[in-house]
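Coordinate analysis (summary)
Here is how the chains run, residue by residue.
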Amino acid sequence: MTILTGKADVSTVQRHHKTGVLRRIWDHRFDYAYVLPSIAVMLIVIAYPIYYTIELSFFNTPPGLQLRDKIFVGINNYTSILTSPVFWTVTKNTLIWTVGSTFISFVLGFACALALHRDFAGRAILRAILIIPWVISAVAASYIWKWIYHSDFGVIGAVLVGLGLADRPPNFIDNVDTVLPSLIVVNIWREFPFAMIMMMAGLQTVPDQLLRAAKVDGANAWQRFWHVTFPHVRNVSTVTILLLAVANFNSFIIPWIMTGGGPSNASHIWITHIYELAFGRQRWGVASAYSVLLFMILMSFGYFYVRALSSNDQKGEAE
Amino acid sequence: MTSISLGGAVLRATVSTALLVSLMSASAMGASVDLSKWSPEYVRSIAGTQDFDTAADCNKITPLDYKGRLTFWYQGVFEGDPDSLREYYKEFFATFRKTYPNIQLEEQGLTYNDLLDKFRTALLGNAAPMAVRLQILGGVEFASKGYLQPLKPEDIGYSTQDFWPGAMKAVTWDGVSYGIPTNNETMAFIWNADIFKRAGLDPDKAPATWEDVVKYSKQIHDKLNVSGYGLVARKNAGNTPYRFMPQLWAYGGSVFDETSPDPTYKEVELASPQSKAALQASYDMYVRDKSVPVSALTNQQADNQPLFLAGQLGMMVSHPSDYDVMLDLQKKATATDKEKAQTVIDNMRYGLIPTGPDGKRAVVFGGSNIHILKPEYVEGGKVDEPAAKAIACMWSSPEWSLKLAYVGSNPGNLNGFKTKWMKDRLEKIKFLDVTTSMLPYGIPFPALPQSPEIMNIIVPDMLQNALTGAMTVDQAADDAAKKVKELMEGGL
């Protein structure tokens, strides 16, 4: 009897709960109506392209046929990609590019943030100067760096030859071994200010009294940084690193403008390779399969990003 | 003494006059230019011999008071073009608007390297313009996919014989013509006579063979420490095939059998010993002798121009317009750079592109064509055909196909060679004789939908693989041949 009563009670609670949800939706109907246009736009510009890209990834699109005459090939595009030697070259380049750019940009940005967190004369001017690379258009920056690196009459080469430090200008971007590191340098130059700004904001949250107390307790600079500062900026660091990693994984402008992925695919990363497959070679199916794989990788970054943000929120609520 | 009656004399005079007129109509005054007589002297002899009334001619196709709307994209000027070309483009569109005041024209100029990508993307979204002027390499790709309407010179009041057979081949797919050639050009060999002299070479003599180019390039570099030949090997840039293919063909190599009069494009020849010899020549210059710009792998011709003007480059393959480009660049130079640039311009020489070991001379038959799209691929689903034909008629007229090619190219419509502007051009443009002399050596790119990928990606990749040491010359040529074969078989 008790059990029966108990069941009845549970279902009643559930019904009440359901009614409550519907009720709440009804009560907020105008709020939903306000966000409906945004949701509709997102469905059109985000959900449909994702669906279409996934669909297209199962088709072959030879150069002599229109896209509507595409041929269904099942998972062939995926197997072709994974067995293609170019895929592994491009993936290796992408990993070097992403990890190298993200790690160094973050470390450099953090170091600058720590330096600029202190009060000293000219801090504001220095901060403004350091932000310049980030606000310059990536296209303009790429062209400027192309000339700086130019293998015949680049600025660096001219200076080195002029000072007698080299016989000929060094070959930065026309060499398969040096092209990727050279592009990573440009990328770091462009995005470390972003890390710097994020970390400067994070450093504002470190309580001064804690640092002073640690100093009074005899902690040295490294100990104060590691035991007091860093724990407070850990979450903002995670978010910064994730944002940098996603941006770098998605990079296009710098490698495309400076080298077009060359020489000999040595600076081709996923995005430039996808672009070339789609627009240069019209392999829409293969390019879509690449894009689906890239989407899955970036979604995993997205998961960690959301998790990092959520842990921030929970921490904030708990406090 | 033979006596001739008055009636007989009148009859003979009538017949002879009729015969003379008919001969003239087949040559100088008629529909076409006699290509079998092609030489600088012949070009000079026909220049300024005929007047054309463009508006009246196009009125027969689309009445001048026609009311309509036209969207039009065209391969326009880019950073390597002289300023004067920009002025001719402006003048053309102003004249079109004046001639057809009731046609609402919405034109968009795109550079060579951007046009194909943008046009392909627009077609996927059925958002293409009604008419487009594409590079010679593009027409067949879009015709084979069914995007273009059949269009032949007769549709806009001209005759097929008014255009180069090679140019017509490049707009023909499956026996049907899909476009009208607007301009056709062949490049020439340019060198700096002062550099030649200082390097101990004959300043007034171009290298006769590609082997000489390799030799001269090394000599220039070793003696003067400047780059010898302006090699270009960037990927996704039209400049690369335009400079490498003449070398490949001269050595007897090819991608398929595009050098034969009736190509079938069945067998891939990129891995032939002749093709490999051509690639080896580039390798020798870049890797063995280090006598060409190191930046060749990321450079385009536009990057070679300032090098040449600065006296840092001895030889290059380019258009007659490069002379004007040098003048433009010189105007922008300051102080001693200006003088240096003037010295280079004074020492600029043009010659025929060198031959291969067997005396074969070849050059890419370049140019552009106008096409009209099918309505279903056009924004709004409608094509204003009379308006599209009006611009096709005007651009490919003897007058405008000459004027729009005034500095950098040659008229697509052969009758352009007969106009007064051609006469004027022969007097004003230095070295024009040389580049027009190269026209009969012109070979069109294979008329295949796969051609853009072969020329813009596979061929430059082959060069880069060999020049960076990523592959040996043999491996790079074999790899490229394999890629072309796979491409033709529909593979990845």
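None of these values were measured; they are calculated from a predicted model.

What counts, and where the lines are drawn
Residues numbered from 1 in each chain as written. Chains lettered and ligands numbered in written order. Predicted model: local features only at pLDDT ≥ 70, side-chain atom pairs only at ≥ 80, totals over all residues. Helix = DSSP H or I, 4+ residues; strand = E, 2+ residues; numbered from the N terminus. Rg over C-alpha atoms; globule rule 2.2 N^0.38 Å. Buried ≥ 20, exposed ≤ 12 C-beta atoms within 10 Å, placed from the backbone. Contact = placed C-beta atoms within 7 Å. Nonpolar A, V, L, I, M, F, W, Y, C, P; charged D, E, K, R; others polar. pLDDT = per-residue confidence, 0-100. Pairing = 2+ DSSP bridges. Expected span 1.5 Å × (residues − 1). Arc of directions from axis to C-beta.

1. Looking at the overall build of chain B
Broken down by element type, chain B carries 20 helices and 13 strands. Its C-alpha radius of gyration of 24 Å places chain B within 12% of the 23 Å reference for a compact globule of 492 residues. Based on the C-alpha atoms only, the size of chain B along its principal axes is roughly 75 × 70 × 50 Å. When each of the 492 residues of chain B is scored for burial, the buried share is 53%. Long-range contacts, defined here as pairs at least 24 residues apart, represent 77% of the contacts in chain B between residues at least 6 apart.

2. As for the interface of chain B and chain A
Across the boundary between the two partners, chain B contributes 28 residues, which contact 26 residues of chain A. When contributions to the side of chain B that touches chain A are tallied by element, the ones reaching two or more residues are α5 (112-124), α6 (139-144) and α19 (451-467) of chain B. Looking at the side of chain B that touches chain A residue by residue, the classes come out as 9 nonpolar, 12 polar and 7 charged.

3. Quick look at the confidence of the model for chain A
All names here are of chain A. Residues at a pLDDT of 70 or more form 92% of chain A, whose mean pLDDT is 88. The secondary-structure element of chain A with the lowest mean pLDDT is helix α1 (residues 2-27), recorded at 62, while helix α8 (residues 179-203) shows the highest, at 96. Considering only residues more than four positions removed or in separate chains, one finds that residues 1-8, a stretch of pLDDT under 50, has 0 contacts.

4. Considerations on the pairing of strand β3 (residues 131-135) of chain B
Residue and element names in this part refer to chain B. Taking burial as the measure, the 5 residues of β3 include 4 buried ones, the bulk of the element. Alignment of strand β1 (residues 68-75) against β3, held across 3 bridges, turns out to be parallel. Residue Tyr 74 lies in a different strand from β3, and its bridge partner there is Arg 133. Bridge count for β3 against strand β12 (residues 366-372) is 5 bridges, and the pairing is antiparallel. Within β12, the residue paired with Gln 135 across the bridge is Ser 368.

5. Quick word on helix α6 (residues 138-149) of chain A
All names here are of chain A. With 12 residues, α6 ought to run about 16 Å at 1.5 Å a step, and its terminal C-alpha atoms sit 16 Å apart, in line with that. Along α6, the residues that are buried comprise Ala 141, Ser 142, Trp 145, Lys 146 and Tyr 149. An end-on view of α6 places all buried positions within 140° of arc, on one side of the element. α6 presents Val 139, Ala 140 and Trp 147 as exposed residues on the side facing more than 90 degrees away from its buried surface. On its buried side, α6 packs onto α5 (123-135), α7 (155-162), α8 and α11 (253-258).

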